[in-house]
Amino acid sequence: MDGAVARLLGPGEAIAPRADARRNAERLIDAARAAVDEVGVAVTAHEIARRAGVGIGTFYRRMPSREALLEAVLADTIDEMIAVAREAREHPDPWLGFCAFAEKYALLRATSCGLNEALGGSGGLMLEEGLGLLRKEFRGLVGQARRAGKLRPDVTWQDVAFALASVVPGDHTLGITARDGQWRKNLRIILAGLRAV
């Protein structure tokens, strides 16, 4: 079962919800994911309902609140990042594992305006449990790469978190527009700077 669906449907409904109720919940969750990616955490319940093709009344019958829906959607993405970090720690080469995580982490941040905002602390959403687990995985991944001599010894896991957050550029700087995929080049530059020589 989709994590967001499980988080949002009541305990009885998580086992066997009515088909139409489940369909509406799934449509709202899918619409919220797209809206969070495109608009960010300020997206309204009305906008989510419109994208899902349901009325605002259906939104509030199926969802506890706009915030609960956004928290569930973003928690799913944070869970995905945690899983990617754990998988990266299993890679036989700690540097390649770290790079694989860094790329997926940067991709998720680059493609979701709302995730970028939420990881930066915007929106007032309750995501601390997932963020705490993500911080733990970040520390472990960075520590593993450093112990293997692959990551510069003077770089902390907090340094890495800020460096990877900086990969996603703004739309403009110095009067120039960022190219499509600029984040990929930024990531290559940052990884080169983090690698032990």
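Our structure's up above, just so we're on the same page.
My aim in this report is to walk through the structure given alongside it, one point at a time. (Residues numbered from 1 in each chain as written. Predicted model: local features only at pLDDT ≥ 70, side-chain atom pairs only at ≥ 80, totals over all residues. Heavy atoms only, no water.)

## Here's the deal with the overall build of the protein
- Check the secondary structure of the protein and you find 11 helices and two strands.
- Listed by position from the N terminus, the elements making up the protein come as α-α-α-α-α-α-α-α-α-α-β-β-α.
- For the C-alpha atoms alone, the extent of the protein along its principal axes is close to 60 × 45 × 25 Å.
- The proportion of buried residues among the 197 residues of the protein is 44%.
- Excluding contacts between residues fewer than 6 apart, the proportion of contacts in the protein whose partners are at least 24 apart in sequence is 66%.
- When the accessible surface of the protein is totalled, it reaches about 10400 Å², and 53% of it is carbon and sulfur.
- Here the protein contributes 27 positive and 25 negative side-chain charges, whose respective centroids are spaced 3 Å apart. (Helix = DSSP H or I, 4+ residues; strand = E, 2+ residues; numbered from the N terminus. Buried < 20%, exposed > 50% of the residue type's maximum accessible area, 1.4 Å probe, protein only. Contact = heavy atoms within 4.5 Å. Areas by Shrake-Rupley, 256 points an atom, 1.4 Å probe, with all protein chains shown as cover. Lys, Arg positive; Asp, Glu negative; His and termini not counted. Charge placed at Lys NZ, Arg CZ, Asp CG, Glu CD.)

## Considerations on the packing of helix 3 (residues 19–38) against helix 6 (residues 66–89)
- Two numbers describe how helix 3 lies on helix 6: the axes approach to 10 Å, and their chain directions differ by 75 degrees. One element, helix 3, and the other, helix 6, form an angle in the roughly perpendicular class. Facing helix 3, whose interface residues are Leu-28, Ile-29, Ala-32, Arg-33 and Val-36, helix 6 presents Leu-69, Leu-70, Val-73, Leu-74 and Asp-76.
- Of the residues belonging to the contact of helix 3 with helix 6, the class tally is eight nonpolar, no polar and two charged. (Axes fitted to C-alpha atoms, helices over the stretch in contact; angles between N-to-C directions. Parallel < 35°, antiparallel > 145°, perpendicular 65-115°, else oblique. Nonpolar A, V, L, I, M, F, W, Y, C, P; charged D, E, K, R; others polar.)

## Comments concerning helix 3
- Taking 1.5 Å of rise per residue, 20 residues should cover 28 Å, and helix 3 covers 29 Å from first to last C-alpha, within 8% of that figure.
- Those residues of helix 3 that sit buried are Ala-21, Asn-24, Ala-25, Leu-28, Ile-29, Ala-31, Ala-32, Ala-35 and Val-36.
- Positive backbone phi, at 110 degrees, marks Gly-40, one or two positions downstream of helix 3. (Expected span 1.5 Å × (residues − 1).)

## Here we look at helix 7 (residues 94–111)
- Helix length check: helix 7 (18 residues) gives 26 Å between terminal C-alpha atoms against 26 Å at 1.5 Å per residue, within 8%.
- Every buried residue of helix 7 is listed here: Pro-94, Trp-95, Gly-97, Phe-98, Cys-99, Phe-101, Ala-102, Tyr-105, Ala-106, Leu-108 and Arg-109.
- Residues of helix 7 that are buried make contact with helix 6, helix 8 (113–119), helix 9 (128–147), helix 10 (157–165) and helix 11 (182–194).
- Its side-chain oxygen placed 2.8 Å from the backbone nitrogen of Trp-95, Asp-93 serves as the N-cap of helix 7. (Polar contact = N/O pair within 3.5 Å; in protein donor to acceptor, adjacent residues only side chain to side chain.)

## Points about the side chain of Asn-186
- Here Asn-186 lies in helix 11.
- With a relative accessible area of 17%, Asn-186 lands in the buried category.
- A polar contact of 2.8 Å, which involves the side chain of Asn-186, links it to the backbone oxygen of Val-167.
- Beyond its immediate stretch of four places on either side in the chain, Asn-186 contacts Val-167 and Pro-169.

Spatial relationships are all this shows, so hold off on functional conclusions.
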